[in-house]
Amino acid sequence: QVQVVESGGGLVQPGGSLRLSCVVSGVIFSRYTMGWYRQAPGKQRELVAGITSAGTIDYGASVKGRFTISRDNGKKTVWLQMNSLNPEDTADYYCNARLGTAVVYDYWGQGTQVTVSS
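Residues numbered from 1 in each chain as written. Predicted model: local features only at pLDDT ≥ 70, side-chain atom pairs only at ≥ 80, totals over all residues. Heavy atoms only, no water.

Engineer: What's the story with the state of the cysteines in this structure? I'm lost.
Structural biologist: What is meant by a disulfide is a covalent connection between two cysteines, made through their sulfur atoms. Here the structure, examined in full by the defined rule, presents one disulfide. Note that C22 is cross-linked by a disulfide to C95, the S-S spacing being 2.1 Å. Of note, the bridge from C22 to C95 carries an S-S torsion of about -85 degrees and is left-handed in sense. On the criterion of sequence distance, the pair formed by C22 in strand β3 (residues 18-25) and C95 in strand β9 (residues 91-99) is long-range, its members being 73 residues apart. Here C22 falls in the buried class, since its relative accessible area comes to 0%. (Disulfide = S-S within 2.5 Å. Helix = DSSP H or I, 4+ residues; strand = E, 2+ residues; numbered from the N terminus. Buried < 20%, exposed > 50% of the residue type's maximum accessible area, 1.4 Å probe, protein only.)

Set out below in structure tokens:
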């Protein structure tokens, strides 16, 4: 059974930082592309950051220079360090594990809420 479990969300003031964690079990973690997505109320889910099994990283335009994604295959964990947070970063953040192209294995966590407010 595959489990994707996020943690680390919460309430933070503008300009503050949070670190999200995502632990995956039930898969060969090192083979998976890991991603963080977010969805704000009334908006579509968007990619925040992704890291491939080879370590290639991509960021959404709105978070470049502020957020950092990293992974530890031994710990089966991916993190999202979020700095210089602003109210527009308020959303539910989801961790995604994806493998394959023709046949896709795609797993999502339950989400963790991030609220940026004074």
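After presenting the structure, the write-up continues.
Engineer: Is there a simple way to explain the packing of aromatic side chains in this structure?
Structural biologist: Aromatic ring pairs: the centre-centre distance and the angle between the two ring planes describe each pair. Tallied over the entire structure, the rule returns two aromatic pairs. Ring geometry for Y32 versus Y107: centroids 6.3 Å apart, planes at 40 degrees, classification tilted. Separated by 75 residues along the polypeptide, Y32 in the loop between β3 and β4 (33-39) and Y107 in strand β10 (residues 105-108) bring together distant segments of the chain. Assessed through its relative accessible area of 25%, Y107 is described here as partly exposed. Across the ring face of Y94, the terminal group of R45 is positioned such that the distance to the ring centre comes to 3.9 Å. Taking NZ or CZ as reference, R45 lies 4.6 Å from the ring centre of W108, over its face. (Phe/Tyr/Trp six-rings, centres within 6.5 Å; stacked < 30°, edge-to-face > 60°. Lys NZ or Arg CZ within 6 Å of the ring centre and 35° of its normal.)

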